[in-house]
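# Survey of secondary and tertiary structure
Below, each chain spelled out in residue letters.
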Amino acid sequence: MTQHPRQKGSDAVWLDAAYDMLTESGVGAVKVMPLAKKLGLSRTSFYWHFKDRDALLDAMIQRWEDKNTGNLIARTQAYAETLTEAMFNLFDCWLDERLFDAKLDLAIRNWARNDPALQLRLDKADAARAKAIQAMFERFGFSPQQAQARAMTVIYTQIGYISMQVHEDRAERINAMPNYIEVYTGQPVEHTDCMRFFARHNHNP
């Protein structure tokens, strides 16, 4: 019997279900039969969308690279008149899950511990993120050596924050961000930059 398209789901439906399993239980839990059961679809319907489980996992890794690394790099390149404004652009990633998915980043890092090929892609992604942040600091007059040190401080702090699964009140986190930026940059935070950042995140300090 030919399945109606609505009975087969879609690439995104299968990928979203795999995301839930990956972030909740790790890559070992991401299997076709449990996914089909979760979605109320047949196992064969999976193969309308992905060649096999490896293809699904590759799509998940690509989603992570496009969203987390791609958006982070884009935020470092966004227009800014001051370094603090540029840092606030980057900090959008830490507050907007549409830009950066911390749960997925943690799941990928845990997965990579037992997958050498993925670890290579993770190392490449971290290097690309660090290079972009370094370039941002250099754009505002820091030497390559100082820019690299500050970029790595940002990267290591955020990886630690994700890995420790820190949970804190959103308002408290936003209020602390100008202080973090002053630590990272060694420069006072411009009030106008701060107010624009708060406004776009609907925050009233």
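## Regarding the overall build of the chain
- Tallying secondary structure elements over the chain gives eleven helices and zero strands in all.
- If you list the helices and strands of the chain from N to C, you get α-α-α-α-α-α-α-α-α-α-α.
- Taking the principal axes of its C-alpha atoms as reference, the chain extends roughly 65 × 40 × 30 Å.
- Within the chain, the proportion of its 205 residues that are buried is 42%.
- Here the analysis covers contacts within the chain between residues at least 6 apart in sequence; of these, 67% occur between residues at least 24 apart.
- For the chain, the accessible area works out to roughly 11400 Å², and carbon and sulfur atoms hold 53% of it.

## Comments concerning the environment of Gln165
- As for its placement among the helices and strands, Gln165 is situated in the loop between α9 (144-163) and α10 (170-185).
- The partly exposed category is assigned to Gln165, whose relative accessible area is 48%.
- Taking the C-alpha atoms as reference points, Gln165 and Leu106, 59 residues apart in sequence, are found 8.5 Å from one another.

## Regarding the nonpolar core
- The biggest cluster of nonpolar side chains holds 31 residues, and the ones touching the most others in it are Met87, Phe91, Trp94, Ile133, Phe137 and Phe197.
- Among the secondary structure elements, those contributing two or more residues to this core are α6 (83-95), α8 (116-139), α9, α10 and α11 (191-200).
- The element contributing the most residues to this core is α6, with nine residues.
- Discounting chain neighbours no more than four positions away, the residues touching Ile133 are Leu72, Thr76, Leu90, Ala151, Val154 and Ile155.
- If you look at the next biggest cluster of nonpolar residues, it comprises 27 residues, including Val32, Leu35, Leu41 and Leu56.

## Some details on the side chain of Asp105
- Tracing the sequence through the fold places Asp105 in helix α7 (residues 102-112).
- Of note is the side chain of Asp105, whose polar atom sits 2.7 Å from the side chain of Trp64.
- With sequence-adjacent residues up to four places away left out, Asp105 is seen in contact with Trp64, Asn68, Phe100, Arg129 and Ile162.

## Regarding the packing of helix α2 (residues 11-25) against helix α3 (residues 32-39)
- At a closest axis distance of 10 Å, the pairing of α2 and α3 adopts a crossing angle of 110°. On the basis of their axis angle, the class for α2 and α3 is roughly perpendicular. The residues of α3 that touch α2, namely those facing Val13, Trp14, Ala17, Ala18, Asp20 and Met21, are Val32, Pro34, Leu35, Ala36, Lys38 and Leu39.
- Considering only residue class, the contact of α2 with α3 consists of ten nonpolar, no polar and two charged.

## Structural notes on helix α5 (residues 53-76)
- Relative to the 34 Å expected for 24 residues at 1.5 Å per residue, α5 spans 34 Å between its end C-alpha atoms, a close match to the ideal helical length.
- Burial in α5 covers these residues: Leu56, Leu57, Met60, Ile61, Trp64, Glu65, Asn68, Thr69, Leu72 and Thr76.
- Residues of α5 that are buried in the fold lie against α2, α3, α4 (43-46), α6, α7 and α8.
- The N-cap of α5, judged by a side-chain oxygen 3.2 Å from the amide nitrogen of Asp54 a few residues on, is Asp52.

What counts, and where the lines are drawn
- Residues numbered from 1 in each chain as written.
- Predicted model: local features only at pLDDT ≥ 70, side-chain atom pairs only at ≥ 80, totals over all residues.
- Heavy atoms only, no water.
- Helix = DSSP H or I, 4+ residues; strand = E, 2+ residues; numbered from the N terminus.
- Buried < 20%, exposed > 50% of the residue type's maximum accessible area, 1.4 Å probe, protein only.
- Contact = heavy atoms within 4.5 Å.
- Areas by Shrake-Rupley, 256 points an atom, 1.4 Å probe, with all protein chains shown as cover.
- Core = buried A, V, L, I, M, F, W, Y, C linked by side-chain atoms within 4.5 Å.
- Polar contact = N/O pair within 3.5 Å; in protein donor to acceptor, adjacent residues only side chain to side chain.
- Axes fitted to C-alpha atoms, helices over the stretch in contact; angles between N-to-C directions.
- Parallel < 35°, antiparallel > 145°, perpendicular 65-115°, else oblique.
- Nonpolar A, V, L, I, M, F, W, Y, C, P; charged D, E, K, R; others polar.
- Expected span 1.5 Å × (residues − 1).

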